[in-house]
Amino acid sequence: MAIFHILFLLLLIPSIIIPVFATVDDFTTDKSLYHLGDQLTISGTVSYDSEIPFVTIQIFTPGKSNFADFNTIPANPNGIFSATFNVGGPTWSSDGIYPIKVTYDVNLEQ
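Residues numbered from 1 in each chain as written. Predicted model: local features only at pLDDT ≥ 70, side-chain atom pairs only at ≥ 80, totals over all residues. Heavy atoms only, no water.

S.K.: Can you help me understand the overall build of the protein in this one?
M.R.: Broken down by element type, the protein carries zero helices and 10 strands. From first element to last, N terminus to C terminus, the protein shows the α and β order β-β-β-β-β-β-β-β-β-β. Split into buried and exposed, the 110 residues of the protein put 35% on the buried side. A separation threshold of at least 6 residues defines the contact pool for the protein, and within that pool the share at least 24 residues apart is 67%. Carbon and sulfur atoms make up 57% of the accessible area of the protein, which totals about 6200 Å². (Helix = DSSP H or I, 4+ residues; strand = E, 2+ residues; numbered from the N terminus. Buried < 20%, exposed > 50% of the residue type's maximum accessible area, 1.4 Å probe, protein only. Contact = heavy atoms within 4.5 Å. Areas by Shrake-Rupley, 256 points an atom, 1.4 Å probe, with all protein chains shown as cover.)

S.K.: Can you help me understand the nonpolar core in this one?
M.R.: Of all hydrophobic cores here, the largest spans 22 residues; its most connected members are Leu40, Ile42, Val55, Ile57, Ile59, Phe81 and Val102. Secondary structure elements with two or more residues in this core: β3 (24–29), β5 (39–46), β6 (54–60), β7 (67–74), β8 (80–86) and β10 (100–103). Excluding anything up to four places from it in sequence, Ile42 contacts Phe27, Thr28, Thr29, Ile57, Ile59, Phe81, Ser82, Ala83, Phe85 and Ile100. (Core = buried A, V, L, I, M, F, W, Y, C linked by side-chain atoms within 4.5 Å.)

Taken by themselves, the reported measurements are silent on function.
Spelled out as structure tokens, the structure:
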């Protein structure tokens, strides 16, 4: 079984159209290096707003040419969020840095 090394570059890219109070404060992964078959946990905090129920997490392939995975999860009233992803499958086939974008806003891109 081949072992693929996957590194994550944490990109905190809040949307420029979000209100000041709707921000991602920070986020992190549970490790910096992953292998196929591993579970990746991303957790962090947002400046919670009850009118904005969801945090969107996008994981891009190296070079940002496509999505490796994405999920929309609820933010807790205390502002904490967490999501787990399975590393593997056809979109995780390259070694390299998989950038992560976390957004929290009312006006998600359509």
